[in-house]
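Okay, here's what each chain looks like letter by letter:
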Amino acid sequence: MGTHRTTLPGVGVQYDYTTESGQHISVVVHHDGRRFIGFYERDDPDSCQLSVPLTPQEATALAHLIDAAPIDAVRTEGIDLVTEHIPLGSRSPYGGRLLGDTGARTRTGASIVAVLRTHSAHPSPGPDFRLAIGDTLVVVGTREGVDALSEIIAEG
């Protein structure tokens, strides 16, 4: 089970998710807010069985059905602001380094507002907060800023 995030230049971001049973689900989030959810064959990840387009409102309604609590925390409809969780994977050059080393806000305009760990949450981490592989960064900013920060965290 895991999620893989891919930036689609000029389009948006694709999130691929594989369930514990091996099902492959993909969500494409366009820059304009449109979303598509796709379902794939287990043995052929390139063969889409079904693609369902969702408006931002439909995506929010579907998310509420799955888990209503996190969606109510931040409302961003109608403004150019997104909130995303960015995993700090094993290939990131920032594992074991200080949050300030990322230069997140200066380089992208996006803010890291919390760091989630397996058994704890660290809201409003300062520049001296030490990141660890496996952390999840809670990021707020424009679509472009969040995408740029995701690339920085993944690749340095």
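Here the structure is a predicted model, which means the values were calculated and not measured.

**Things to note about the environment of Arg105**
By secondary structure assignment, the location of Arg105 is in helix α3 (residues 104-108). Sequence separation between Arg105 and Gly145 is 40 residues, and the spatial gap between their C-alpha atoms is 8.7 Å. If sequence neighbours within four positions are ignored, Arg105 has contacts with Ala110 and Ser111.

**Brief notes about the sheet that holds strand β6 (residues 82-87)**
Backbone-to-backbone hydrogen bonds join strands into a sheet, with any given pair of strands oriented parallel or antiparallel. The sheet built from 4 strands is open, its strands ordered β6-β9-β7-β8 with antiparallel pairing. At either end of the open sheet lies a strand with only one pairing partner, and these are β6 and β8 (120-123). Here the average twist between neighbouring strands, direction ignored, is 20°. Here strand β7 (residues 111-117) runs beside strand β9 (residues 136-141); their pairing, made up of 5 bridges, is antiparallel. Each bridged residue has a counterpart across the sheet, and for Ile112 the counterpart in β9 is Val139. Contacts from helix α4 (residues 143-155) reach β6, β7 and β9 within the one sheet, and its direction differs from that of β6 by about 5°.

**Concerning the nonpolar core**
Membership of the largest hydrophobic core comes to 17 residues, with the highest contact counts inside it found for Ile112, Leu131, Leu137, Val139, Leu149 and Ile153. At the level of secondary structure, the elements contributing two or more residues to this core comprise β6, β7, β9 and α4. Counting residues per element, this core draws most heavily on α4, at 4 residues. Each residue touching Val139, except ones within four places of it in the same chain, is listed here: Val82, Thr83, Glu84, Ile86, Ala110, Ser111, Ile112, Val146 and Leu149.

How each quantity is defined
- In every chain, residue numbers begin from 1 and rise along the written sequence.
- Selection of residues for local features in this predicted model requires a pLDDT of at least 70, selection of side-chain atom pairs for listing and counting requires 80 or more, and totals for whole chains, interfaces and linings are taken over all residues.
- With hydrogens and water stripped out, all remaining heavy atoms of the structure feed into the side-chain values.
- The way it works is that DSSP assigns letters per residue, a run of H or I at least four long becomes a helix, a run of E at least two long becomes a strand, and they are numbered from the N terminus.
- Two residues form a contact once any of their heavy atoms are found within 4.5 Å.
- Only strands that DSSP links by at least two bridges are regarded as paired with each other.
- Think of each axis as a best-fit line through the C-alpha atoms, taken over the contacting stretch in the case of a helix, with angles from 0 to 180 degrees between the N-to-C directions.
- For the purposes of this section, nonpolar cores are sets of buried Ala, Val, Leu, Ile, Met, Phe, Trp, Tyr and Cys residues that join through side-chain atoms within 4.5 Å.
- Buried, partly exposed and exposed residues are distinguished by accessible area as a fraction of the type maximum, computed with a 1.4 Å probe on protein chains only: under 20%, between the cut-offs, and over 50%, respectively.

Remember, this is a structural readout, not a statement about activity or role.
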